[in-house]
Amino acid sequence: MFGLAQDIAAPASRKVFQQVADTLIPADQPAEFNQAIMEFGAIQCTPVKPDCLFCPLQSQCYAFQHGLISELPVKSKAKAGRTRYFHYFVLQYEDTLYMRKRGPKDIWEGLYDFALHEADSADLPARTVVDTVEALGGRIDLAQVEEPVQSLRHVLSHQKVEARFHPVKLEAPLTPKALATAGLLPYKASEIESLPKSILITNYISNIGF
Ligand code: SF4
């Protein structure tokens, strides 16, 4: 519509498109606008073969007026993403779950998840599970180590997260020292619901029904 030549796949372009969108979104009906745009993109102005002939915006559309329908919008091919293996240790003592707020310089900054061990593979040796739980201030016997209860995949624009969840029932609450070392905090179910979380963590929690 506006003849913008910026690559829509580039994060730096977001500001440009946001500025244009801000001039269009009605403050009192942003949800309706959003729904309308999505339907327009699904039915009329589709990514491949838009139905320009019967488009009500034909006379205002820069791409149509300039013969650039197949050139705009510009979208570069996404780079092959890397796969990361997240092993989450879901430490629980009675009705308390231990969670932590994610730090900067990585995905999901400021969102809450569980104690995380990032590995090179989807499989974690039982010995590593025992060592990780001990490093977190808990205790588990080698014989108690079971397969992760859930495997969830989350695909982001430049990386894929393969997550494995290892629930660990603790026999005693984590000490303040262990909490500080692991950056964890104790939460009850009602508190967890209101914490900001990634879709991955939200899905896990709703699957286990904590
Ligand atoms: S004229 Fe074609 S390219 Fe332009 S908005 Fe309509 S359907 Fe999309």
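Parameters and conventions
- Residues numbered from 1 in each chain as written.
- Predicted model: local features only at pLDDT ≥ 70, side-chain atom pairs only at ≥ 80, totals over all residues.
- Heavy atoms only, no water.
- Domains from an automatic or database assignment.
- Phe/Tyr/Trp six-rings, centres within 6.5 Å; stacked < 30°, edge-to-face > 60°.
- Helix = DSSP H or I, 4+ residues; strand = E, 2+ residues; numbered from the N terminus.
- Buried < 20%, exposed > 50% of the residue type's maximum accessible area, 1.4 Å probe, protein only.
- Core = buried A, V, L, I, M, F, W, Y, C linked by side-chain atoms within 4.5 Å.
- Contact = heavy atoms within 4.5 Å.
- Near = heavy atom within 4 Å.
- Nonpolar A, V, L, I, M, F, W, Y, C, P; charged D, E, K, R; others polar.
- Polar contact = N/O pair within 3.5 Å; in protein donor to acceptor, adjacent residues only side chain to side chain.
- Salt bridge = Lys/Arg side-chain N within 4 Å of Asp/Glu carboxyl O.
- pLDDT = per-residue confidence, 0-100.
- Arc of directions from axis to C-beta.

> Would you mind going over the domain arrangement of the protein with me for this structure?
Accessible area lost when the parts come together is the quantity often used to give the size of an interface. When its domains are assigned, the protein resolves into domain 1 (11-65) and domain 2 (82-208). For domain 1 and domain 2, the distance between their C-alpha centres works out to 40 Å.

> Looking at this structure, I do not really get the packing of aromatic side chains. What am I missing?
Evaluated as defined, the whole model comprises eight aromatic pairs. Aromatic side chains Phe-86 and Trp-108 sit 6.2 Å apart centroid to centroid with 80° between the ring planes, which places their arrangement in the edge-to-face category. Highlighted residues: Phe-86 in strand E1 (residues 82-93) and Trp-108 in the loop between strand E2 (96-101) and strand E3 (112-113), separated in sequence by 22 residues. The same class applies to Phe-86 and to Trp-108, which are both buried. Between Phe-114 and Tyr-204, the ring centres sit 5.8 Å apart and the planes meet at 80°, which makes this aromatic pair edge-to-face. Here Phe-114, found in the loop between E3 and strand E4 (115-119), pairs with Tyr-204, found in helix H7 (residues 199-208); they are 90 residues apart in sequence, far enough to count as distant. In this pair, the class of Phe-114 matches that of Tyr-204, namely buried. The structure contains a cluster of three or more aromatic residues connected by ring pairs, namely Phe-86, Tyr-88, Trp-108, Phe-114, Phe-165 and Tyr-204.

> Please explain the nonpolar core as it appears in this structure.
The tendency in soluble globular proteins is for nonpolar side chains to be buried as a group. One finds Tyr-88, Met-99, Phe-114, Phe-165 and Leu-200 to be the most contacted residues of the largest nonpolar core, which totals 20 residues. Within the residue set of this core, elements represented by two or more residues are E1, E2, strand E6 (159-169) and H7. At four residues, the largest contribution of residues to this core is made by H7. The residues contacting Leu-200, other than those within four sequence positions of it, are Tyr-88, Trp-108, Leu-152, Arg-153, His-154, Val-161, Ala-163 and Phe-165. Counting residues in each nonpolar core, the second largest holds 18 residues, with Val-129, Val-133, Ile-140 and Leu-184 among its members.

> What should I look at first to understand the site of the ligand in this one?
Around the ligand, the structure places Phe-40, Cys-45, Pro-50, Cys-52, Cys-55, Gln-58, Cys-61, Phe-64 and Ile-69. Looking at side-chain class alone, the shell around the ligand contains eight nonpolar, one polar and no charged residues.

> Would you explain the side chain of Gln-150 in this entry?
Counting through the fold element by element, Gln-150 comes out in strand E5 (residues 150-155). At 2.9 Å, the side chain of Gln-150 and the side chain of Asn-207 are in polar contact. Leaving out residues up to four positions away in the same chain, Gln-150 has contacts with Ala-163, Arg-164, Phe-165, Tyr-204, Asn-207 and Ile-208.

> Would you mind showing me how to read the pattern of salt bridges here?
Note that side chains of opposite charge can pair when their charged atoms are close. As enumerated under the stated definition, the model contains ten salt bridges in all. When the shortest N-O distance is used, the salt bridge between Glu-118 and Arg-84 registers 2.7 Å. Here Glu-118 is found in strand E4, whereas its partner Arg-84 is found in strand E1, with 34 residues between them in sequence. You can call Arg-84 buried: its relative accessible area is 5%. With a shortest N-O distance of 2.8 Å, Arg-102 and Asp-113 are connected by a salt bridge. Taken as a pair, Arg-102 in the loop between E2 and E3 and Asp-113 in strand E3 lie far apart in primary sequence, eleven residues in all. Residue classification places Asp-113 among the buried positions, given a relative accessible area of 1%.

> Help me out: how do you make sense of the confidence of the model for the protein in this one?
If pLDDT is low for a region, its predicted coordinates should not be looked at in detail. In the predicted model, the protein carries a mean pLDDT of 91, and the fraction of residues at 70 or more is 99%. The weakest mean pLDDT in the protein belongs to helix H6 (residues 189-194) at 89; the strongest belongs to E3 at 97.

> Help me understand helix H4 (residues 126-135), please; the structure alone is not making it clear to me.
One turn of the α-helix equals 3.6 residues, which is why residues spaced by three or four share an orientation. Of all the residues in H4, the buried ones are Val-129, Val-130, Thr-132 and Val-133. All buried residues of H4 lie within an arc of 165° about the axis, which places them on one face of the element. Of the residues one or two after H4, Gly-137 is the one with positive phi, at around 100°.

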